[in-house]
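Residue-level listing of the chains:
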Amino acid sequence: MNDSPYRVVLMGCGRVAQHYAFLHTDYGSFAGLEVVGCCDTDRTKAKDVAQKFGCDAYEDTAVMISEQSPDMVAVLTPSGDHYAHAKVVLEQGCSVLSEKPITLIPEQAHELIDLARARGLSYAGVFQNRYNPAVRKIKEAMDQGRFGAVVTAAIRLRWCRYQEYYEDGWHGTWAQ
């Protein structure tokens, strides 16, 4: 068994990358992983997130992958860019963990899955909200058996996004 940490780089250093940094520092949820690089076209954002992980900051993903030789690239860029970014990363020989949605067009998701399989790589999506405090409390209660034997479950999620969420230039646009 390999005791070396799984080497990960982050592509995109916006709000989701900040959430990953929060999870890393507050919950230690990166056990067995080492974030070895953070990349964003905005050098200031890349440096900020890289500082939180104690790694190098980059503006160019190809350079980051070449220098860091990661096991996986976490694609944390705007939604409409996930397909193109994941494709480039898979073509460079790295596995991909993509934030939701993995693509905007179902056929593109199938294409990326096929590309990953052909190259012996992993391609997966993540919904990081499993670490939200309310979700963690429910999980804790289930693990303690507080609900008895769970045979079915349903949830209604009421979610509110305030206007500033949509004022970043890409949320809520047709292109993204």
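The structure under discussion appears in the preceding block.
Numbers given to residues run from 1 along each chain, matching the order in which its sequence is written. Two thresholds apply to this predicted model, a pLDDT of at least 70 for residue-level local features and 80 or more for giving and counting side-chain atom pairs, whereas whole-chain, interface and lining totals are computed over all residues. Excluded from the side-chain calculations are hydrogens and water; all other atoms, namely the structure's heavy atoms, are used.

J.: Summarise the overall build of the protein; cite the residues concerned and give the values.
T.: The numbering of helices and of strands both runs from the N terminus, where a helix is a DSSP run of H or I of at least 4 residues and a strand a run of E of at least 2. Counting its regular elements, the protein contains six helices and six strands. For the protein, the sequential pattern of α-helices and β-strands runs β-α-β-α-β-α-β-α-β-α-β-α. All radius of gyration figures rest on C-alpha atoms, and the globule criterion is 2.2 Å times the number of residues raised to 0.38. The C-alpha atoms of the protein give a radius of gyration of 18 Å, which matches the 16 Å a tight globule of 176 residues would have. Viewed in the frame of its principal axes, the protein has a C-alpha envelope of about 50 × 45 × 35 Å. Counting over 176 residues, the protein shows a buried share of 35%. Two residues form a contact once any of their heavy atoms are found within 4.5 Å. A sequence separation of at least 24 residues applies to 62% of the contacts in the protein between residues at least 6 apart. Shrake-Rupley sampling with a 1.4 Å probe provides the accessible areas, and residues are treated as covered by the protein chains on show and by no other component. A total accessible area of about 11100 Å² is found for the protein, and carbon and sulfur atoms account for 52% of it. Between the centroid of the 18 positive side chains of the protein and the centroid of its 22 negative side chains there is a distance of 8 Å. Exposure is judged per residue with a 1.4 Å probe applied to protein chains only, and the accessible area is read against the type maximum: over 50% gives exposed, under 20% gives buried, and values in between give partly exposed. In this tally Asp and Glu are treated as negative and Lys and Arg as positive; neither His nor the chain ends contributes. Every charge is mapped to an atom, namely NZ of Lys, CZ of Arg, CG of Asp or CD of Glu.

J.: Outline unusual backbone geometry, listing residues and values.
T.: A cis amide bond links K100 with the next residue in sequence, P101, at an omega value of -15°. Looking at the secondary structure, you find P101 in the loop between β5 (95–99) and α5 (106–119). The phi angle at S69 is positive, at roughly 45°, despite the residue not being glycine. Within the fold, S69 resides in the loop between α3 (61–68) and β4 (72–75).

J.: Any chance you could break down the layout of surface pockets for me, citing the residues and the numbers?
T.: In this structure, the largest pocket spans a volume of roughly 590 Å³. Here a cavity is any set of points on a 1 Å grid over the protein atoms alone where a 1.4 Å probe fits but cannot get out, and a pocket is any open set with protein on both sides within 12 Å along at least 5 of 7 lines; a residue lines the site when it has an atom within 4 Å of a point. Along the wall of the largest pocket there are 26 residues; nearest its centre are R15, V16, Y165, W170 and H171. Here the lining of the largest pocket gets three residues from one element, more than from any other, and that element is helix α1 (residues 15–27). As a working rule, the residues Ala, Val, Leu, Ile, Met, Phe, Trp, Tyr, Cys and Pro are called nonpolar, Asp, Glu, Lys and Arg charged, and the rest polar, with Gly in that last group. Split by residue class, the lining of the largest pocket holds eight nonpolar, ten polar and eight charged. Of the volumes computed, that of the second largest pocket is approximately 410 Å³. Grid points are joined across faces, edges and corners, and a volume is the space filled by probe spheres set on the points.

By themselves, these figures tell us nothing about what the structure is for.
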